Amino acid sequence: MKDFKAQKTAAPAKQGGLNPEIQSRIGHQLRAMYDDVVRQGVPDRFAELIRKLDAPGGSSDLMGDAGKTEGRD
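Residues numbered from 1 in each chain as written. Predicted model: local features only at pLDDT ≥ 70, side-chain atom pairs only at ≥ 80, totals over all residues. Heavy atoms only, no water.

- Under an unreviewed UniProt entry, the name given to the protein chain is Anti-sigma factor NepR domain-containing protein, and the organism recorded is Rhodopseudomonas palustris.

Following this line, the structure appears as structure tokens:
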């Protein structure tokens, strides 16, 4: 029974996978793509929403009139 358990929990042999050169190329391409995204920055509209959310009562401020119940002014 111990032999069966040992075989079941043993790590499977590594099959397939990418060689280090291909992994490196993919890594460089991903970095280049995400660097462009990071350089774009946060649009002003999103920055304003983030500021409102960070303020006390932030989520209710974003709801505006939608957060008021009917019949109340």
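Considering the pattern of salt bridges
Step number 1: What the rule picks out here adds up to 3 salt bridges.
Step number 2: E21 serves as the salt-bridge partner of R25, at 2.9 Å between the closest nitrogen and oxygen. Residue R25 and its partner E21 are both found in helix α2 (residues 20-40); the two are separated by 4 residues, about one turn of the helix.
Step number 3: For R25, a relative accessible area of 53% corresponds to the exposed category.
Step number 4: Here R39 and D36 are joined by a salt bridge, their closest N and O atoms 3.0 Å apart. (Salt bridge = Lys/Arg side-chain N within 4 Å of Asp/Glu carboxyl O. Helix = DSSP H or I, 4+ residues; strand = E, 2+ residues; numbered from the N terminus. Buried < 20%, exposed > 50% of the residue type's maximum accessible area, 1.4 Å probe, protein only.)

Section: a nonpolar patch on the surface
Step number 1: Side chains of L18, I22, I26, L30, M33, Y34 and V37 sit close together on the surface and give an oily, nonpolar patch of about 630 Å² of accessible area.
Step number 2: Its place among the elements puts Y34 in helix α2. (Patch = residues over 30% accessible without salt bridge, like charges linked within 9 Å, V, L, I, M, F, W, Y side chains within 5 Å. Areas by Shrake-Rupley, 256 points an atom, 1.4 Å probe, with all protein chains shown as cover.)

Quick word on α2
Step number 1: Across its 21 residues, α2 extends 31 Å between first and last C-alpha, which sits within 8% of the 30 Å expected from 1.5 Å per residue.
Step number 2: The N-terminus of α2 is capped by N19, whose side-chain oxygen sits 3.0 Å from the backbone nitrogen of E21.
Step number 3: Trailing α2 by a residue or two, G41 shows a phi angle of about 75 degrees, which is positive. (Expected span 1.5 Å × (residues − 1). Polar contact = N/O pair within 3.5 Å; in protein donor to acceptor, adjacent residues only side chain to side chain.)

Topic: the UniProt feature "domain: Anti-sigma factor NepR" (unreviewed entry) in the protein chain
Step number 1: Per the UniProt record, "domain: Anti-sigma factor NepR" (unreviewed entry) is annotated on residues 23-55.
Step number 2: The distance from the first to the last C-alpha atom of residues 23-55 is 43 Å, and the span holds 88% helix and 0% strand. (UniProt positions renumbered as here; feature names shortened; annotations may be inferred.)

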